[in-house]
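Listed below, chain by chain, are the residues.
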Amino acid sequence: MRVCVIGTGYVGLVTGVCLAHIGHNVICVDNNEEKVKLMKSGQSPIYEPGLSKLMHESADVGRLEFTVDLATGVAHGEVLFIAVGTPALPTGESDTRYVEAVARSIGTNLYQGYKVIVNKSTVPIGSGDWVRMIVMDGLNERPNNGKVEFDVVSNPEFLREGSAVYDTFNPERIVLGSNSNKAIAMMQELYSPLVERKFANNTALNPVPVVVTDLNSAEMIKYAANAFLATKISFINEVANICDRVGADITQVAKGIGLDSRIGNKFLQAGIGWGGSCFPKDILALIHTATDYGYETELLNAAVAVNKHQRLIVIEKLQQELKILKGKTIGLLGLTFKPNTDDMRDAPSLVIIEQLNRLGAKVKAYDPIVSQSGLSHGLSGVIIEANPEMLADSCDALVLVTGWQEFLKLDFERMASLMVSPVIIDGRNFLNRSQLEFFGFRYLGIGR
Ligand code: NAD
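Residues numbered from 1 in each chain as written. Predicted model: local features only at pLDDT ≥ 70, side-chain atom pairs only at ≥ 80, totals over all residues. Heavy atoms only, no water.

### Some thoughts on the sheet that holds strand β10 (residues 362-366)
No. 1: The strand order β11-β10-β9-β12-β13-β14 describes an open sheet built from six strands, whose pairing is parallel. Either end of the sheet is taken by a strand with one partner, and the two such strands are β11 (383-384) and β14 (442-444).
No. 2: Judged from the four bridges that link them, strand β9 (residues 329-333) and strand β12 (residues 397-400) form a sheet pairing that is parallel. Paired with I330 across the bridge in β12 is A397.
No. 3: The sheet contacts of helix α14 (residues 348-358) involve β9 and β10, and relative to β9 the element is tilted by about 175 degrees. (Pairing = 2+ DSSP bridges. Helix = DSSP H or I, 4+ residues; strand = E, 2+ residues; numbered from the N terminus. Contact = heavy atoms within 4.5 Å. Axes fitted to C-alpha atoms, helices over the stretch in contact; angles between N-to-C directions.)

Spelled out as structure tokens, the structure:
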């Protein structure tokens, strides 16, 4: 099928590349000229394992192109994905101005034939009908629009940054919301190779469940999923904080409750809280929507409040160990909001840096991606070190912020010898405690 993906960020680029890989003919559109130039030259503007290789393969066989020209993409695609960002406004409401701009431009560039317009961006409930209206407005802005037919589908995305390519080929479900059977049938055809697991790592599994709903329910599924996961993490973090006080070990507690199939063992790792480009903004957007409709979300408000406090727990632990932080040097292991991504949006590290700066500490950091990129990533108040030894040098304490696999293999013995005092706060309960203690570290985890 002919596909156009508008917006080539973490979702759009992965979607476009994976759809090209399974045989579709894809044009990716972005209004960021630098990005498009980079992608045309064969480089991925984001770090995502496996993505660059697939990008090259499909571009080489002519199934994947990049352009800044939306009209070309719209003319090409039978299916048009909207995958632009929907960041949070200061009110918590979702900022839908990029979706609006794209929907309007689709309208002004639609000519004869039938198109399926797919909302892959996470958009507030009710956006499907709103997008239809904006596309119609765009259509009506130009004379003689002829016979144009289109339907809108909500197809929320559940990929995880850091394993986005894997997740796209191995989805746990595909959600399609629309009032049009014709549009749903086209989407089912588009995804049939994924549903039949032709590109999955375990083809013996049953077909991927496709959940067909109305527009509003599909939009709600995305928000409900993220709100649930964020709440689950806040729950285990709250239990960890109680463990810290009563002398229980949250890692053992999580194992003990996670074996109950009604609970499950995922998202039960206590730490410094959730961040990133999705959970924080999506939970706030859901709270905002509920408020608009006269409902107060007490549980979701509490999940947000617990998370806000959780990010500061490492500061409390540093104060407990070092007392005065003014004039101390703190080294952060990891900056990105989670491993295997270069995404810094709403990363807990940002709050930790800000608080340490406010308390007069000097902050240094080493992150496998940020340190190697040589880019500032918009960071201030932190010295980016080139390697873990340089980070440890003259530090009063280290804080593990992101659970990068390579941190498990660091030369902690040497790092301890370079520090003023070998203290480590393991913000993700990720490191090997007994090994660190053997090397002379004073180790503090979260809830253990
Ligand atoms: P992103 O910020 O990484 O990418 C958005 C892209 O859209 C950028 O490249 C930007 O240049 C482009 N863009 C903006 N306006 C445009 C326009 N008018 N025309 C063409 N291109 C335009 O965003 P993202 O992280 O990929 O997220 C996209 C959407 O998917 C959001 O709604 C997000 O909530 C949702 N989502 C994200 C993830 C994730 O892990 N990042 C997961 C699931 C859902």
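### Quick word on the domain arrangement of the chain
No. 1: Taken domain by domain, the chain consists of domain 1 (2-213), domain 2 (222-309) and domain 3 (311-444).
No. 2: Listed per partner, the contact involves 16 residues of domain 1 and 11 residues of domain 2.
No. 3: Here domain 1 and domain 2 share an interface that buries about 1100 Å² over both sides, 63% of which is from carbon and sulfur atoms.
No. 4: Linking domain 1 to domain 2 there are zero salt bridges.
No. 5: Taken together, the residues that form the side of domain 1 that touches domain 2 break down as seven nonpolar, five polar and four charged. (Domains from an automatic or database assignment. Buried area = accessible area lost by both parts, 1.4 Å probe. Salt bridge = Lys/Arg side-chain N within 4 Å of Asp/Glu carboxyl O. Nonpolar A, V, L, I, M, F, W, Y, C, P; charged D, E, K, R; others polar.)

### Quick word on the pattern of salt bridges
No. 1: Following the criterion strictly, the structure yields 20 salt bridges and no others.
No. 2: With its nearest N and O atoms 2.8 Å apart, the salt bridge here joins D244 to K317. Placement of D244 in helix α9 (residues 215-246) and of K317 in helix α13 (residues 313-322) is noted, with a sequence separation of 73 residues between them.
No. 3: With relative accessibility at 30%, the residue D244 sits in the partly exposed group. (Buried < 20%, exposed > 50% of the residue type's maximum accessible area, 1.4 Å probe, protein only.)

### Some words on empty space enclosed by the protein
No. 1: Counted according to the given criterion, the structure contains one cavity of 30 Å³ or more.
No. 2: Counted as a void, the largest cavity has a volume near 40 Å³.
No. 3: In terms of lining residues, the largest cavity is bounded by N119, S121, T122, V123, S154, P156, E219, K222 and Y223.
No. 4: A per-element tally of the lining of the largest cavity places α9 first, with three residues.
No. 5: Grouping the constituent residues of the lining of the largest cavity by class yields three nonpolar, four polar and two charged. (1 Å grid on protein atoms, 1.4 Å probe; cavity = no way out; pocket = protein on both sides within 12 Å on 5 of 7 lines; lining within 4 Å. Points joined across faces, edges and corners; volume = space filled by probe spheres on them.)

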